Amino acid sequence: VPSMINDAGGAKKFDPRTQETTLVHHIFGGYIRSQVKCMECRHESNTYESMLDICLHINHSSITDVRAAFDSFTAVEYL
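Residues numbered from 1 in each chain as written. Predicted model: local features only at pLDDT ≥ 70, side-chain atom pairs only at ≥ 80, totals over all residues. Heavy atoms only, no water.

**Q** What exactly am I supposed to notice about the overall build of the protein here?
**A** What the protein contains, in helices and strands, is 4 helices and 2 strands. N-terminal to C-terminal, the α/β element order of the protein is α-α-α-β-β-α. By residue count, 13% of the 79 residues in the protein fall in the buried class. Pairs at least 24 residues apart make up 12% of the contacts formed inside the protein by residues separated by at least 6 positions. Carbon and sulfur atoms provide 56% of the accessible area of the protein, an area that totals close to 7000 Å². (Helix = DSSP H or I, 4+ residues; strand = E, 2+ residues; numbered from the N terminus. Buried < 20%, exposed > 50% of the residue type's maximum accessible area, 1.4 Å probe, protein only. Contact = heavy atoms within 4.5 Å. Areas by Shrake-Rupley, 256 points an atom, 1.4 Å probe, with all protein chains shown as cover.)

**Q** How do you make sense of the confidence of the model for the protein when you look at a structure like this?
**A** Low-confidence regions, as indicated by low pLDDT, have predicted coordinates that should not be scrutinised in detail. In the predicted model, the protein carries a mean pLDDT of 80, and the fraction of residues at 70 or more is 78%. The weakest mean pLDDT in the protein belongs to helix α1 (residues 2–7) at 54; the strongest belongs to strand β2 (residues 44–51) at 91. (pLDDT = per-residue confidence, 0-100.)

**Q** Even after reading the chapter, I still don't get the pairing of strand β1 (residues 30–37), so can you show me in this structure?
**A** Put simply, side chains in a regular strand alternate between the two faces of the sheet. As paired strands, β1 and β2 are joined by 8 bridges and run antiparallel to one another. Bridge pairing in β2 links Val-36 to Ser-45. Between β1 and β2, which follow one another and run antiparallel, lie 6 residues, and Arg-42 among them has a positive phi close to 70°. (Pairing = 2+ DSSP bridges.)

**Q** Would you mind showing me how to read the state of the cysteines here?
**A** When the sulfur atoms of two cysteines share a covalent bond, that bond is a disulfide. For the coordinates displayed, the defined rule picks out 0 disulfides. We note that Cys-38 lacks a disulfide partner, and the nearest cysteine sulfur, in Cys-41, lies 3.6 Å from it. (Disulfide = S-S within 2.5 Å.)

**Q** So what exactly am I meant to see when it comes to a nonpolar patch on the surface here?
**A** On the surface, a nonpolar cluster with roughly 510 Å² of combined accessible area is contributed by Leu-23, Val-24, Ile-27, Phe-28 and Leu-52. Within the element layout of this structure, Leu-23 appears in helix α3 (residues 23–28). (Patch = residues over 30% accessible without salt bridge, like charges linked within 9 Å, V, L, I, M, F, W, Y side chains within 5 Å. Salt bridge = Lys/Arg side-chain N within 4 Å of Asp/Glu carboxyl O.)

**Q** What's the story with the environment of Val-36 in this structure? I'm lost.
**A** With respect to the helices, strands and loops of the structure, Val-36 is situated in strand β1. Each C-alpha atom of the pair Val-36 and Val-76 lies 9.8 Å from the other, and the pair is 40 residues apart in sequence. The contact partners of Val-36, leaving out residues within four places of it in the chain, are His-43, Glu-44 and Ser-45.

**Q** In this structure, what is going on with unusual backbone geometry? I would like to understand it.
**A** Glycine aside, negative phi is the norm for most residues, and most peptide bonds take the trans geometry. At Arg-42, a position not held by glycine, the phi torsion is positive, near 70°. Tracing the chain through its elements places Arg-42 in the loop between β1 and β2.

Here you go:
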């Protein structure tokens, strides 16, 4: 599939959804869901973003391993 994309003019000619059909996206790709919830009315808004990797911050003193970094990445935040 990547060679077909290059033959057709490169990845920039294709929308993001089409690019997500490549072998790399099938193996390593996924989606991150961001959710915002109103604390008053409980309405939820979800946004999904395509991703190939996750950047975990491990330089904080409370982050001792990859699991702790992932827990921090997925922690609930109150705005």
